[in-house]
Structures are given as C-alpha cells and as structure tokens.
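Examining the three-dimensional arrangement
Residue strings, one per chain:
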Amino acid sequence: MNTPIKIGIVGATGYTGVELLRLLSQHSAAQVRVVTSRGEDGLPLADMFPSLRGVYDGLTFSHPDKAALHECDVVFFATPNGIAMQQAPQLLEQGVRVIDLSADYRIRDVATWEQWYKMTHASPEWIAQAVYGLPEMNHAAIRDARLIANPGCYPTCVTLPLLPLLQQGCLKANAPLIADCKSGVSGAGRKAEVANLFSEAGDNFKAYGVAGHRHLPEIRQNMDDIRSGHAADLVFVPHLTPLIRGMHATIYVQAASEVDVHAVLSEHYAGSRFVDVLPQGRCPETRSVRASNLCRIGVQKAPSHGHNTWIILSVIDNLVKGAAGQAVQNMNIMFGLPEHAGLDNTPVLP
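Heads up: these notes are all about the structure in this document. (Residues numbered from 1 in each chain as written. Predicted model: local features only at pLDDT ≥ 70, side-chain atom pairs only at ≥ 80, totals over all residues. Heavy atoms only, no water.)

In this section: the overall build of the chain. Secondary structure assignment for the chain yields ten helices and 14 strands. Its C-alpha atoms give the chain a radius of gyration of 20 Å, near enough to 20 Å, the size a compact globule of 350 residues would have. Taken along its principal axes, the extent of the C-alpha atoms in the chain is 65 × 45 × 40 Å. Looking at the chain as a whole, 55% of its 350 residues qualify as buried. Pairs at least 24 apart in sequence give 70% of the contacts found in the chain among residues at least 6 apart. Here the chain has roughly 15,100 Å² of accessible surface; of this, 50% comes from carbon and sulfur atoms. (Helix = DSSP H or I, 4+ residues; strand = E, 2+ residues; numbered from the N terminus. Rg over C-alpha atoms; globule rule 2.2 N^0.38 Å. Buried < 20%, exposed > 50% of the residue type's maximum accessible area, 1.4 Å probe, protein only. Contact = heavy atoms within 4.5 Å. Areas by Shrake-Rupley, 256 points an atom, 1.4 Å probe, with all protein chains shown as cover.)

Here it is, written out as structure tokens:
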C-alpha cells in the first residue's frame, strides 16, 4: 500500500491512546493526522508525552468538536465507555472506518449491555454491523468491516487459549471453566481514583468484581459464538496486582476423554504470529510479553486422579494485545496490510 493511512485518535491522552501513538510511530503505512483531547486542546503532543519528542513534532491536540476526523481513513476511539456510541455513527456515515477500543459495540444484546454498563445505548442500530475484533477468531469478517469492536483485555487473555478447545469440542460437557485472572493497574485507565493510587495499589493484592465483572458477558458471548450456543458455565474472578502493565489468566478446564490440551493448542497456533504456546510444563511470565502484541500460553496437566484436568496459563500486555496492539492488528487486516506491520514482538524487559 503506497498511500499512507490517514489516522485519527479520539482520546489520545489515555494509556491506550499513547500506546497507539507509540505503535503507529513505527508503522510505515500509518500517518497520524488528528489527536483529540477536550482538556488539552492546543497542547503540542510532545509536551504531554516527552518520549514522543522528535516523532510527532508539529502535532497538537484538538478539541473533538473541531477536529478534522472526517478527513481520516480510520479513527480509533481510545475513550471511556459511552463516547464512541455517540460520536462514531457520524464518522461511519461519512465513510470513515472506526476501531473502538471501548466496550460500546462489543455486546450484541443491547439489554445485556445496558444492564452491565448502566447507561442507555446511544446507537444500538450500529451494534449489528460491528465486527468483534479478535483476529484469531474473526479474521475474515474483519477484512471488510467498517466498525470494529476491539475486545477487552480479560476477554482476549481468556478467549485465546479456550478458542481451539471450544471449536474442536475438547472440553467435558457441563464441567465448569474457572478463569482466575490478574491485571496491572493500568487496566483501570488513567482516571484519578483512590483505589488506583500508589499507596493503595502498591504492596497489595486483591480481588474485585467477584459478584460480576463487565467483561464476563463478553467472554460468555465469545464462548457461545465459538460453540454455537453450547458454552460451558464460566467462573471468572479478576484481581488487581501491583503492576503497571501485564495480565495473567490461570484457567482450569476438564478435557473430554483423553484429550491432550497442550497438543491441541500447539497445533492450532503453530503458524500464529501473535500466539505462542510454550513447551508443556513451562510457565509464561507477564514480563515476557511486556510492550508486545503477543499472547503466551503455558499448559500443564493437573496432578489429579480420575479427571482429565488441565491448567492453562495465559499472559498478555493489557495495553497492547489487550488494547492498542490488537487495534493496530485489526487496522492492518482492514487495509490489506501484513498483519504484523508496526507490531514489534520483542518484549521490553524491566
């Protein structure tokens, strides 16, 4: 593709917004034209993010109401829930493609979405046209999509290891699935909240959303889609860890008969660019995927008697494969580019 992709980012001051800027800066076909922020209108981008000095010189934040987003080929919404559903329809009607990193278009059942997100959906007519942007699951549909609902971080971390097992009917019928998940503090966004303060989150470890987390219906929808409405019951418990970035899911499954879960995952993802299944018994670490678009998976058979129980360990960077990196991966597919364009898989170790 010789003509650069003209890109706009709504909400470019948040963690996923600056992560998009970082990734797109190394993308040869990307040209970031517009970055918006209500509070930083007129501020040079490099003044807020010194790490991007010399990369986006001359680019300043614009108020979204006066930004030339309609002149872009694709607009990323790196905004809190409830913003894209109000602003995206006008851009879509003007021929702009949209990749929404919020949850506004992920859940197809409007009543379910409104129940979990506690607001009335502003553009339910667009939900049916949105493609759920998990490339390993919906690659063909993403190519022709106008509107991408970028998956949540927990759903990405949990769905990727379960995808081939559910597709191939490898799990024991009616056996519950347990997903015990941990996330870094950046998963809560850049907003100021007491629970996210260093003195609260540092040197601490806690569960949250035990009675029900917003990503639960999204994960269940994925499972239903993969198994055509016959998904097993899921127990999902998220935890907050004293990390800035990183996500770890420990998933307990009971396989049908004598299914070798490691063999199934290894074969399914053998040619995958962004999913790495480790040798059996190896345990992935969050730092092994830091700042990369990789999901690394470890598999171990549980030392139990009478049950074909397996322990699956899945790690991602919640800001990259769980958000901005996956969004760039979706953009590449939409515009016919190599799927890995702009996505360097080399982890940045601490």
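Here the narrative resumes.
Here we take up helix 9 (residues 261-268). Spacing of three or four residues puts side chains on the same side of an α-helix, whose turn is 3.6 residues. Within helix 9 the residues assigned to the buried category are Val261, His262, Val264 and Leu265. When helix 9 is viewed along its axis, its buried side chains cluster within an angular range of 165° and face the same direction. Those residues of helix 9 that are buried lie in contact with helix 6 (153-167), strand 12 (275-277), strand 13 (295-301) and strand 14 (309-316). For helix 9, the side-chain oxygen to backbone nitrogen distance between the N-cap and His262 is 3.1 Å, and the N-cap itself is Asp260. (Arc of directions from axis to C-beta. Polar contact = N/O pair within 3.5 Å; in protein donor to acceptor, adjacent residues only side chain to side chain.)

With seven of eight residues buried, strand 14 is to be regarded as a mostly interior element. Relative to strand 14, strand 11 (residues 247-254) runs antiparallel, the two being bridged by eight bridges. Across the sheet, residue Met247 finds its bridge partner in strand 14, namely Ile316. Bridge count between strand 13 and strand 14: six bridges; the pairing is antiparallel. Across the sheet, the residue bridging to Lys301 is Trp310, located in strand 14. (Pairing = 2+ DSSP bridges.)

Glancing now at the packing of aromatic side chains. Enumeration according to the criterion identifies two aromatic pairs in this entry. Here Trp113 and Tyr117 contribute two aromatic rings whose centre-to-centre distance is 5.1 Å and whose plane-to-plane angle is 20°, an arrangement assigned as stacked. Remark: Tyr117 and Trp113 occur in helix 4 (residues 110-117); sequence separation between them is four residues, near one turn of the helix. Tyr117 carries the same exposure label as Trp113, and that label is buried. Arranged with centres 5.3 Å apart and planes meeting at 70°, the rings of Tyr154 and Phe236 form a pair that is edge-to-face. Here Tyr154 is found in helix 6, whereas its partner Phe236 is found in strand 10 (residues 234-240), with 82 residues between them in sequence. By relative accessible area, Tyr154 is classed as buried at 2%. (Phe/Tyr/Trp six-rings, centres within 6.5 Å; stacked < 30°, edge-to-face > 60°.)

If you trace the seven strands from one edge of the open sheet to the other, you get 9-10-8-11-14-13-12, paired in mixed fashion. Each end of this open sheet is capped by a strand with a single partner; those strands are strand 9 (206-207) and strand 12. Pairing geometry for strand 12 and strand 13, over three bridges, is parallel. Pairing of Val275 across the sheet is with Cys295, part of strand 13. Relative to strand 11, helix 6 is tilted by about 35°, and along the sheet it contacts strand 8 (177-183), strand 10, strand 11, strand 12, strand 13 and strand 14. (Axes fitted to C-alpha atoms, helices over the stretch in contact; angles between N-to-C directions.)

For Ser257, which is not glycine, the phi torsion reads 50° and is therefore positive. Relative to the elements of secondary structure, Ser257 occurs in the loop between strand 11 and helix 9. Positioned with a positive phi, Ala291 is a non-glycine residue whose angle comes to about 70°. Checked against the element boundaries, Ala291 lands in the loop between strand 12 and strand 13.

For the coordinates displayed, the defined rule picks out 13 salt bridges. In this structure, the salt-bridge partner of Asp225 is Arg108, at a minimum N-O distance of 2.6 Å. One end of the pair, Asp225, is in helix 8 (residues 215-226); the other, Arg108, is in the loop between strand 5 (97-100) and helix 4, with 117 residues separating them in the sequence. The partly exposed category is assigned to Arg108, whose relative accessible area is 46%. (Salt bridge = Lys/Arg side-chain N within 4 Å of Asp/Glu carboxyl O.)

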